[in-house]
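# Architecture at a glance
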Amino acid sequence: MIWYPYEQMKTMRTPYKIVDAEGVYLYTEDQKLIDSVSSWWCMIHGYKHPELTAAIKEQADRFCHVMLGGLTHEPAQKLSQKLQEFLPGDLDYCFFSDSGSVAVEVSLKMALQYNTNMGRKRPMVLALEHAYHGDTFKAMEVGDDEDYHFAFEEKQDVVHIPTELAALEEAFDKYHDRLNCFIVEPLLQGAGGMRMYDISFLQRARELCDQYDVLLIFDEVATGFGRTGNRFVADLVLPDILVLGKALTGGYIGHAVTVTNHKVFQAFYSDNDRHALMHGPTFMGNALACAVALKGIEIFEREDYMSKIKRIEKISHREMDGFSDPRIKEVRIMGGCVCVEVYDGAVLDGFQQFAYERGVFSRPFLNYMYSMAPYIIEETELVTIFDTMKAWFERTGA
Ligand SMILES: *Cc1c(COP(=O)(O)O)cnc(C)c1O
């Protein structure tokens, strides 16, 4: 049987069984649902996109996968070239992996080893309260192979701070000579509750990281490709390492990338074998994933997705600004994300089924009801999502 994610298997309700999917719609045997979650935020072009499907089929007819250990291929080469052009600054060096969590692990290993390669001990990581960077745990630590892991023996301590300037200053004051990196989900913290914060925090973080040679890592697995209303937050403040996943895949097949600037790459580029990055997921640079990502970026540019996202944001404000209820703590809107935070998560019990009956798939969690729809969504469909959210409070408000 299937063991489902984040579920108490004993009490979970039966999941909706999807038999088809096209555009913004998921189909069950008896219902057609607007996917307001974009399959965990990755399905930005909609399901069964003819060009993406064609790209993956064409590649499948050649080959589906070869490892990048000692081999290379055109889809991976083209994707790294494309990302180099598409991403800001000198974020030019692409390390591929098979999921966002692994790409985050890679970024953290890079930051630690960046320092050990320079003969410095910097065992600490600075991160944000309410951060989410993936679910991986201990694979490397339980492994026992000095040749793979020698660079990472030191235990990494993590310090968490809120997204407040005073806390940022204090953390750098205290720890600057021990920090190897500061990792953030920039502007929008997703799984931690769709929390939004100001760019000035990241601008100051960039200055402090420069001052103390601490690497700034942007985990844009969720925010990348327009979700915040910026192509990448990295367009506004340039990190040293950028992690992309989710929307990069067009929602077709798991893949991610850790992209670094010249400074980081140079710290590994040497005559010493022990300065190499000892990491290599089996499915890194998967040919199907690269082919579909290339096509996805092409469509993102050609169809001017940024203007689609601006339109979604405008409609979101029009429909949701000022919506209130005594049970609602806050309505937050940024780019292609709308979040309704309630005081008590129990208020959202039953909302998923309520939405289902109205033709919307939603997956509220904890105290958060949200929409992160595919960018190709039509205005009427978007309004249906918001009307469904509002109707829930209006109905149970009686
Ligand atoms: C989803 C997510 C991840 C993990 O990505 P997976 O592909 O699920 O491993 C990492 N960071 C952020 C910010 C995410 O939203």
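What comes next is a walk through the structure. (Residues numbered from 1 in each chain as written. Predicted model: local features only at pLDDT ≥ 70, side-chain atom pairs only at ≥ 80, totals over all residues. Heavy atoms only, no water.)

Looking at the ligand, the residues that line it are Trp41, Ser99, Gly100, Ser101, Tyr132, His133, Gly134, Glu185, Asp219, Val221, Ala222 and Lys246. Contact between the ligand and glycine 100: an oxygen atom at 2.8 Å from a main-chain N or O atom of the residue. In this structure, an oxygen atom belonging to the ligand sits 2.6 Å away from a side-chain N or O atom of serine 101. For the ligand, whose free accessible area comes to 390 Å², the fraction covered by protein is 83%. Split into classes, the residues belonging to the shell around the ligand amount to 4 nonpolar, 5 polar and 3 charged. (Near = heavy atom within 4 Å. Polar contact = N/O pair within 3.5 Å; in protein donor to acceptor, adjacent residues only side chain to side chain. Areas by Shrake-Rupley, 256 points an atom, 1.4 Å probe, with all protein chains shown as cover. Nonpolar A, V, L, I, M, F, W, Y, C, P; charged D, E, K, R; others polar.)

Here we come to the packing of helix H3 (residues 74-86) against helix H10 (residues 287-302). Axis separation between H3 and H10 bottoms out at 8 Å; the angle between their running directions is 35°. In this structure, H3 crosses over H10, and the sense of that crossing is left-handed. The residues of H10 that touch H3, namely those facing Pro75, Ala76, Lys78, Leu79, Lys82, Leu83 and Phe86, are Ala287, Cys290, Ala291, Ala293, Leu294, Ile297, Phe300 and Glu301. The residue inventory of the contact of H3 with H10, partitioned by class, reads 12 nonpolar, no polar and 3 charged. (Axes fitted to C-alpha atoms, helices over the stretch in contact; angles between N-to-C directions. Helix = DSSP H or I, 4+ residues; strand = E, 2+ residues; numbered from the N terminus. Left-handed = near helix turned anticlockwise from the far one by under 90°. Contact = heavy atoms within 4.5 Å.)

Taken in spatial order, the 4 strands line up as E1-E2-E3-E15 in an open sheet, and their pairing is mixed. The open sheet has two edge strands, strand E1 (20-22) and strand E15 (360-361), and neither has a second partner. In this structure, E1 lies alongside strand E2 (residues 25-27), joined through 3 bridges in antiparallel fashion. Bridging from a neighbouring strand, aspartate 20 pairs with tyrosine 27 of E2. (Pairing = 2+ DSSP bridges.)

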